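Breakdown of the fold
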Amino acid sequence: MTERTVFQSMSHRHVISLAPQDSVWDAACVMTKANCGSVVIIDASGRMVGIVTERDLMTRVLAKALNPQTTKLSEVMTHDPQCVGPDTKVSEAVLIMIERGFRHLPVVTPTSKILGVFSVRDALPREIGAAINLAEFHDQVNDALG
């Protein structure tokens, strides 16, 4: 059986997006209504400029006691997030997330059209295991090379 791609594995293919000037409150409401863990931030020209996740809301807003109704998404978003193409293997995407410490990856076409957001929740346990094994292998190679 061939390994799934991120596009095949995404549970949410509808892109949830807001503008940089929208509030954190807006993001929390939209994410809650859509039952998703992230929102893509799109500028006036339709270009993705960032992403805000539920973890961002906790660490960048609540933990800093910022007012969600007055704090703009541009103040707390991850600017220019790492993206992957739709044909990226799930284990490769999970490896990127493990190595870089995040749980959401926007999936974009070569022309930068946003297809959705791949979440670590979209990965099967065997693919997560394969990615962990690959990460451990990378660590061993790096240790061997000095």
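Here we summarise the structure given alongside this text.

Reading the values: rules and limits
Residues numbered from 1 in each chain as written. Predicted model: local features only at pLDDT ≥ 70, side-chain atom pairs only at ≥ 80, totals over all residues. Heavy atoms only, no water. Buried < 20%, exposed > 50% of the residue type's maximum accessible area, 1.4 Å probe, protein only. Helix = DSSP H or I, 4+ residues; strand = E, 2+ residues; numbered from the N terminus. Pairing = 2+ DSSP bridges. Right-handed = clockwise from strand over helix to strand, strands pointing away. Arc of directions from axis to C-beta. Contact = heavy atoms within 4.5 Å. 1 Å grid on protein atoms, 1.4 Å probe; cavity = no way out; pocket = protein on both sides within 12 Å on 5 of 7 lines; lining within 4 Å. Points joined across faces, edges and corners; volume = space filled by probe spheres on them. Nonpolar A, V, L, I, M, F, W, Y, C, P; charged D, E, K, R; others polar.

**As for the pairing of strand 2 (residues 38-42)**
- Burial analysis of strand 2 places five of its five residues in the buried class, which makes it a mostly covered element.
- In strand 2, alternate side chains face the same way, and those of Ser 38, Val 40 and Ile 42 on one face and Val 39 and Ile 41 on the other are all buried.
- Of the pairings in the sheet, the one linking strand 1 (residues 17-18) to strand 2 comprises two bridges and is parallel in character. The residue of strand 2 that forms the bridge with Ser 17 is Val 40.
- Read from strand 1 through helix 2 (residues 24-34) to strand 2, the crossover connection turns out right-handed.
- Across five bridges, strand 2 lies against strand 3 (residues 48-53) in antiparallel orientation.

**Observations concerning helix 2**
- All of the buried residues along helix 2 are Val 24, Ala 27 and Met 31. On an axial view of helix 2, the arc spanned by its buried residues comes to 55°, and they lie on one face. Opposite its buried face, helix 2 presents the exposed residues Thr 32 and Lys 33, each directed more than 90 degrees away.
- Considering only its buried residues, helix 2 is in contact with strand 1, strand 2, strand 3, helix 3 (54-61) and helix 4 (73-76).
- Taken from the residues just after helix 2, Asn 35 is the one with a positive phi, measuring 55°.

**Here we look at the layout of surface pockets**
- Of the voids in this model, the largest pocket is the one considered here, and its volume is about 290 Å³.
- Forming the boundary of the largest pocket are 17 residues, of which Thr 53, Asp 56, Phe 102, Arg 103 and His 104 lie nearest the centre.
- Sorting the residues of the lining of the largest pocket by element identifies strand 3, helix 3 and strand 5 (104-108) as the ones contributing at least two each.
- With four residues, the single largest contributor to the lining of the largest pocket is helix 3.
- Its residues assigned to classes, the lining of the largest pocket comprises five nonpolar, six polar and six charged.

On their own, these measurements won't tell you what the molecule is for.
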